[in-house]
Amino acid sequence: MSDEWAEGGYGFDTLAIHAGQDPDPTTGAVVVPIYQTSTYAQSEVGQHKGYEYSRSGNPTRTALETCLAALEAGRTGLAFASGLAAEDCLLRTLTKPGAHVVIPDDAYGGTYRLFAGVLAKWGVEATPVSLLDLDAVRAAVRSETSLIWCETPTNPLLNVADIEALAGVAHDAHARLVVDNTFASPYLQQPLTLGADVVVHSTTKYVGGHSDVVGGALVTDDATLGEELAYHQNAMGGVPGAFDSWLVLRGVKTLGVRMDRHCANAQRVVELLQSSDKVAAVLYPGLPGHPGHEVAAKQMRDFGGMVSFRLAGGEAAALEVCRRTKVFTLGESLGGVESLIEHPARMTHASVAGSQLEVPGDLVRLSVGIETVDDLLGDLATALAGV
Ligand SMILES: *Cc1c(COP(=O)(O)O)cnc(C)c1O
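Conventions we followed
- Residues numbered from 1 in each chain as written.
- Predicted model: local features only at pLDDT ≥ 70, side-chain atom pairs only at ≥ 80, totals over all residues.
- Heavy atoms only, no water.
- Helix = DSSP H or I, 4+ residues; strand = E, 2+ residues; numbered from the N terminus.
- Expected span 1.5 Å × (residues − 1).
- Contact = heavy atoms within 4.5 Å.
- Near = heavy atom within 4 Å.
- Polar contact = N/O pair within 3.5 Å; in protein donor to acceptor, adjacent residues only side chain to side chain.
- Areas by Shrake-Rupley, 256 points an atom, 1.4 Å probe, with all protein chains shown as cover.
- Nonpolar A, V, L, I, M, F, W, Y, C, P; charged D, E, K, R; others polar.
- Axes fitted to C-alpha atoms, helices over the stretch in contact; angles between N-to-C directions.
- Parallel < 35°, antiparallel > 145°, perpendicular 65-115°, else oblique.
- Left-handed = near helix turned anticlockwise from the far one by under 90°.
- Phe/Tyr/Trp six-rings, centres within 6.5 Å; stacked < 30°, edge-to-face > 60°.
- Buried < 20%, exposed > 50% of the residue type's maximum accessible area, 1.4 Å probe, protein only.
- Lys NZ or Arg CZ within 6 Å of the ring centre and 35° of its normal.
- Domains from an automatic or database assignment.
- Salt bridge = Lys/Arg side-chain N within 4 Å of Asp/Glu carboxyl O.
- Pairing = 2+ DSSP bridges.

## Thoughts on helix α13 (residues 373-385)
Then step 1. Its 13 residues place the ends of α13 18 Å apart at the C-alpha level, agreeing with the 18 Å of an ideal helix rising 1.5 Å per residue.
Then step 2. Looking at the packing, one finds that the buried side of α13 touches α10 (255-274), β8 (279-283), β9 (306-311), α12 (314-324) and β12 (363-367).

Rendered as structure tokens:
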């Protein structure tokens, strides 16, 4: 699926704009058209131009899939209707009833729900462990372990796992390492180059970047696994429509410039939070005192746009801050151009309450957007002053 752009030694931003996106050969259209069609004419039975039916393949989706493969330095990219559709396809390709998987004890709530509420019924057992403790990961791996699931930085605690080390643990056990790269985006971190076998994305977040579409993706460098995943994508059918593919493709062109601004704004927000006596702790991998700082500095280009913090005044103060911001919109999701604030324990992570993945009630999570940074700082300072 890789095209000549991916093999041409071009930089990340060039690939984001051109990989899979050559001008349309029939019209010269510079932007990949939205091929809003379910089926394709055949000149004779079985004679077609590579497309038969849009669940199996659609040119707008192909452009997106080729671009995402190039951005993650992989061979095969596959797009899905949501991040969870991508995860489901991947897990039902890599596991079978009786399989065992190792999952993080700090992960996106929906991923945990997929393991606990869906795959468990299908006979797949998941063991949550801290991925920061490689000995614990090694101890959790069994002969029937088919994969280690890694998310880094994690949502919402922003822990950092060492991808290269985890790939070693997985491969020693003949298991695969899957990395959910949603928080970092391929601009900040390329797990396949660090030894991971498959990358998962919720393209709803930074890749799409504009909070206007829900989507997911898988990328792998393993051609055989890529074929199996493509088979399951078609057989299970969780594909995105042409317009949604087009929206993600439009968003991804600016991923690099957006991420640079997300990171710069997040750094300033972190400094503000650290100077506030209302804040008990700031969780951000860019801080030298963060336990994952060195690993993050090694495997990431920069430290990202997600910032979490704990309030000295406990859960009541956390809820009050969420009520008081104006530029930071109170809402779930992340990775869009606009800044968002949320209370993980009652919002994004409500589904893990009572489990080993439960998050503290005094925690607030920010998705720092690309607005004028002084407006973000002023908004947070005002909100904190009121709690
Ligand atoms: C949002 C998210 C998902 C799920 O993606 P959807 O597009 O909402 O299905 C998976 N992993 C992470 C880290 C996420 O933030």
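Now that the structure has been shown, we can carry on.
## A closer look at the site of the ligand
Then step 1. Not every one of the 15 residues close to the ligand is listed here, only the nearest: G83, D180, S202, T204 and K205.
Then step 2. Note that an oxygen atom of the ligand is positioned 2.9 Å from one of the backbone N or O atoms of G83.
Then step 3. Contacts to the ligand include T204, whose side-chain N or O atom sits 2.8 Å from an oxygen atom.
Then step 4. Alone, the ligand offers 380 Å² of accessible surface; in the complex the protein occludes 92% of this.
Then step 5. In terms of residues, the shell around the ligand owes the most to one element, helix α3 (residues 83-94), which gives three residues.
Then step 6. Classifying every residue of the shell around the ligand gives four nonpolar, seven polar and four charged.

## Points about the packing of α10 against α13
Then step 1. Contact geometry of α10 with α13 gives a least axis separation of 10 Å together with a crossing angle of 25°. Between α10 and α13, the crossing angle belongs to the class labelled roughly parallel. In terms of crossing hand, the pair formed by α10 and α13 is right-handed. Counted together, N265, R268, V269, L272 and L273 of α10 and V373, D374, L376, L377, L380, A381 and L384 of α13 form the full contact between these two elements.

## Quick word on the packing of aromatic side chains
Then step 1. Per the counting criterion, the structure on display carries five aromatic pairs.
Then step 2. Geometrically, the ring pair formed by W5 and Y10 is tilted, given 4.8 Å between the ring centres and 50° between the ring planes.
Then step 3. The class for W5 is buried, based on a relative accessible area of 17%.
Then step 4. A relative accessible area of 42% means that Y10 is categorised as partly exposed.
Then step 5. When the centroid spacing of 5.6 Å and the interplanar angle of 35° are considered together, the rings of Y40 and Y51 count as tilted. Of this pair, Y40 sits in the loop between α1 (12-18) and α2 (59-71) while Y51 sits in the loop between α1 and α2, and the two are eleven residues apart along the sequence.
Then step 6. Sitting over the face of the ring of W122, R92 holds its NZ or CZ atom 6.0 Å from the ring centroid.
Then step 7. Taking the ring centre of Y187 as reference, the NZ or CZ of R301 above it sits at 3.8 Å.

## A closer look at the domain arrangement of the chain
Then step 1. Domain boundaries assigned for the chain yield domain 1 (6-252) and domain 2 (256-385).
Then step 2. For domain 1 versus domain 2, the distance between C-alpha centres works out to 26 Å.
Then step 3. Each side of the interface is counted separately: domain 1 has 39 residues, and domain 2 has 42 residues.
Then step 4. D162 serves as the salt-bridge partner of K298, at 3.0 Å between the closest nitrogen and oxygen.
Then step 5. Taken together, domain 1 and domain 2 are joined by 16 residue pairs in polar contact (both at pLDDT 80 or more).
Then step 6. Of all the elements in the fold, those that place two or more residues in the side of domain 1 that touches domain 2 are α1, α4 (109-119), α7 (185-188) and α9 (242-252).
Then step 7. Partitioned by chemical class, the residues of the side of domain 1 that touches domain 2 number 21 nonpolar, twelve polar and six charged.

## Some remarks on the sheet that holds strand β10 (residues 329-330)
Then step 1. Judged by pairing direction, the sheet is mixed, and its five strands sit side by side in the order β8-β9-β12-β11-β10 without closing on themselves. A strand with exactly one partner marks an edge of an open sheet, and here the two such strands are β8 and β10.
Then step 2. Pairing of strand β11 (residues 340-342) with β12, which is carried by three bridges, proceeds in the antiparallel orientation. Residue pairing for β12: L340 is matched across the bridge by S367.

## Quick notes on the sheet that holds strand β6 (residues 198-202)
Then step 1. Reading across from one edge, β1-β7-β6-β5-β4-β2-β3 is the order of the seven strands in this open sheet, with mixed pairing throughout. Sheet topology places β1 (76-80) and β3 (125-129) at the edges, where each strand pairs with a single neighbour. Taking each pair of neighbouring strands and ignoring which way they run, the sheet shows an average axis angle of 20°.
Then step 2. Pairing of strand β2 (residues 100-104) with β3 involves five bridges; the strand directions are parallel. Of the residues in β3, the one forming a bridge with I103 is P128.
Then step 3. Where α3 meets the sheet, its contacts fall on β1, β4 (145-151), β5 (176-180), β6 and β7 (216-220), and the angle it forms with β4 comes to roughly 155°.
Then step 4. Packing against the sheet, α4 makes contact with β2, β3, β4 and β5, and its axis sits at approximately 155° to β2.

## A look at the pattern of salt bridges
Then step 1. Under the counting rule described, the total for this entry stands at 14 salt bridges.
Then step 2. Across the pair R142 and E144 runs a salt bridge whose closest N-O atoms are separated by 3.5 Å.
Then step 3. On the accessibility criterion, R142 (31% relative accessible area) is partly exposed.
Then step 4. On the basis of relative accessible area, E144 is assigned to the partly exposed category, the value being 36%.
Then step 5. The salt bridge involving R176 is made with D222; its shortest N-O contact spans 3.4 Å. Remark: D222 occurs in the loop between β7 and α8 (223-236) and R176 occurs in strand β5; sequence separation between them is 46 residues.
Then step 6. Judged by relative accessible area, D222 falls into the partly exposed class, the value being 28%.
Then step 7. It is possible to trace a salt-bridge network through shared partners that takes in E125, R142 and E144.

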